[in-house]
Amino acid sequence: MPDYRNLHDPNAEYTMRDLSAETMQLNADRGPRDVEITDVQTTMVDGNYPWILVRVYTDAGIVGIGESYWGGGDDAIIERMAPFIIGENPLDIDRLYEHMIQKMSGEGSISGKTISAISGIEIALHDIAGKVLDVPAYQLVGGKYRDEVRIYCDLHTEDEANPTACADEGERVVEELGYDAIKFDLDVPSGHEKDRANRHLRGPEIDHKVEIVKQVTERVGDRADVAFDCHWSFSGGSAKRLARELEEYDVWWLEDPVPPENHDVQETITQSTTTPIATGENVYRTHGQRRLLENQAIDIIAPDLPRVGGIRETVKIANLADLYYIPVAMHNVSSPIGTMASAQAACAIPNSLAVEYHSYELGWWEDLVEEDDLIENGRMEVPEKPGLGLTLDFDAVEEHMVEGETLFDEA
């Protein structure tokens with residue numbers, strides 16, 4: 001492995017907009033709040049996604065935990081960025097976020113893995129700041145609107161293309177697990193496909209997807225809200241036809257019906273139907289979400305907090321969305337760390353609908369932290385403890401690490 005901390009990059013070394021404390025001449029004595037970052041470490045956990053946990057260490061012995069969006073690459077980028085924040089005061093969250101954005105501008109800090117890596121550090125900074133100031137993370141972004149956050153459960157079956165199997169699982173989760181908000185995938189094989197590359201839905205394919213929606217919504221009834229995810233699979237015309245066919249059913253939202261790059265097409269889908277349309281997980285930072293919101297190209301915005309820029313960036317997106325009376329349903333496939341970070345933000349914004357939970361079939365999800373009963377009856381209570389309010393269980397983290405990974409230091 002190369003030494004990412006000493007990687008040469010003229011853009012990072014000579015940027016005119018260096019926002020370090022030294023360059024900004026931040027020398028005031030902060031008393032007990034004079035804390036310095038001493039190290040940043042990562043460990044990848046092999047969950048139902050490869051979760052990247054981030055630890056930021058300080059000279060006060062206070063350590064913050066965060067999480068980057070899953071998958072490869074973030075750990076190397078975080079190692080690359082460590083020198084930019086070591087020696088800095090972790091309470092300067094906004095400045096350090098912008099400092100990392102600027103330092104990494106030549107390496108792609110507009111979107112993608114760089115933003116996800118920065119998100120993991122940003123979440124950990126909130127955890128540290130909350131511990132230093134003895135307040136929960138939500139207090140750092142304006143206080144709370146609610147004590148607990150609604151959780152919607154992403155459901156799967158062994159036969160995901162079978163409408164009756166989906167209806168059975170939906171009813172089971174509502175009845176047995178207590179969720180009143182669920183989601184199913186619609187980008188499942190129907191058996192009628194002729195060409196998987198062209199994004200076009202033939203009539204029998206649309207009929208199959210409508211049947212899934214019909215059976216699930218009718219079976220669940222008014223006991224739960226039900227959303228459906230398309231994972232950017234369809235053409236504009238097919239998405240319009242599908243959305244119109246679903247208008248007679250009680251669909252909470254239809255998510256990501258078209259690819260995420262072309263917001264003009266996204267806008268035409270939303271404005272062509274009364275079926276609520278959601279998107280946002282594959283768009284980065286407030287700048288990325290801006291046109292979707294300003295053009296009212298969506299009915300519901302769905303940012304993924306450990307991917308979009310972190311806690312403060314998500315709150316900024318929510319505030320912008322609120323100007324257009326658009327609610328926020330946070331996409332989330334995280335470990336308890338990223339999920340709680342999303343809940344901390346969700347409790348602090350007025351327009352929160354729900355936060356996704358994607359690990360209901362993973363028996364040890366909650367074992368990664370010492371706290372119990374994180375989600376009960378479809379709700380996540382937001383702790384009053386400082387920071388995120390969670391404590392890693394190092395034994396569980398070590399047990400479930402990705403093969404070849406090393407455990408980060410305890411302190």
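Scroll up to find the structure.
Below is a summary of the structure that appears in this document. (Residues numbered from 1 in each chain as written. Predicted model: local features only at pLDDT ≥ 70, side-chain atom pairs only at ≥ 80, totals over all residues. Heavy atoms only, no water.)

## Topic: the packing of helix α2 (residues 74–85) against helix α4 (residues 112–133)
The relative placement of two packed helices is expressed as an angle between their axes plus a distance between the axes.
Part 1: Two elements in contact, α2 and α4, have axes separated by 9 Å at closest approach and are oriented at 60 degrees. Between α2 and α4, the angle is such that the two are oblique. Of the two possible hands of crossing, α2 and α4 adopt the one that is right-handed. In this structure, α2 uses Asp74, Ile77, Ile78, Met81 and Ile85 to contact α4, whose residues at the interface are Lys113, Thr114, Ser116, Ala117, Ile118 and Ile121. (Axes fitted to C-alpha atoms, helices over the stretch in contact; angles between N-to-C directions. Helix = DSSP H or I, 4+ residues; strand = E, 2+ residues; numbered from the N terminus. Parallel < 35°, antiparallel > 145°, perpendicular 65-115°, else oblique. Left-handed = near helix turned anticlockwise from the far one by under 90°. Contact = heavy atoms within 4.5 Å.)

## Examining the packing of aromatic side chains
Part 1: A complete count under the given rule lists eight aromatic pairs for this structure.
Part 2: Seen from their ring centres, Tyr49 and Trp70 are 5.1 Å apart, and the 45 degrees between their planes marks the pair as tilted. Pair noted here: Tyr49 is in the loop between β1 (37–46) and β2 (50–58) and Trp70 is in the loop between β3 (63–68) and α2, with a separation of 21 residues, a long-range link.
Part 3: Judged by its relative accessible area of 19%, Tyr49 is buried.
Part 4: By relative accessible area, which is 31% here, Trp70 ends up partly exposed.
Part 5: Seen in terms of ring centroids, Trp51 and Trp364 are 6.1 Å apart; in terms of plane orientation they differ by 70 degrees. Their pairing is edge-to-face. (Phe/Tyr/Trp six-rings, centres within 6.5 Å; stacked < 30°, edge-to-face > 60°. Buried < 20%, exposed > 50% of the residue type's maximum accessible area, 1.4 Å probe, protein only.)

## Some thoughts on a negative patch on the surface
Part 1: Negative charge collects at one region of the surface, where Glu148, Asp367, Asp372, Asp373, Glu376, Glu381, Asp395, Glu398, Glu399, Asp409 and Glu410 lie side by side.
Part 2: For Glu410, the location among the structural elements is in the segment after α13 (394–399). (Patch = residues over 30% accessible without salt bridge, like charges linked within 9 Å, V, L, I, M, F, W, Y side chains within 5 Å. Areas by Shrake-Rupley, 256 points an atom, 1.4 Å probe, with all protein chains shown as cover. Salt bridge = Lys/Arg side-chain N within 4 Å of Asp/Glu carboxyl O. Lys, Arg positive; Asp, Glu negative; His and termini not counted. Charge placed at Lys NZ, Arg CZ, Asp CG, Glu CD.)

## Some details on the pattern of salt bridges
Part 1: Tallied over the full model, the rule gives 30 salt bridges.
Part 2: Of the charged contacts, one joins Asp180 and Arg379 as a salt bridge, the two residues approaching to 3.0 Å between their closest N and O atoms. Of this pair, Asp180 sits in the loop between α5 (163–177) and β5 (181–185) while Arg379 sits in strand β13 (residues 379–381), and the two are 199 residues apart along the sequence.
Part 3: Using a relative accessible area of 21% as the deciding quantity, one classes Asp180 as partly exposed.
Part 4: The class of Arg379 is partly exposed, set by a relative accessible area of 24%.
Part 5: Among the salt bridges present, the one from Lys316 reaches Glu313, with a minimum N-O distance of 4.0 Å. Taken together, the positions of Lys316 and Glu313, both in helix α11 (residues 311–323) and three residues apart, correspond to about one turn of that helix.
Part 6: Each member of the salt-bridge network shares a partner with another, and the members are Asp154, Lys183, Asp229, Glu255 and Glu356.

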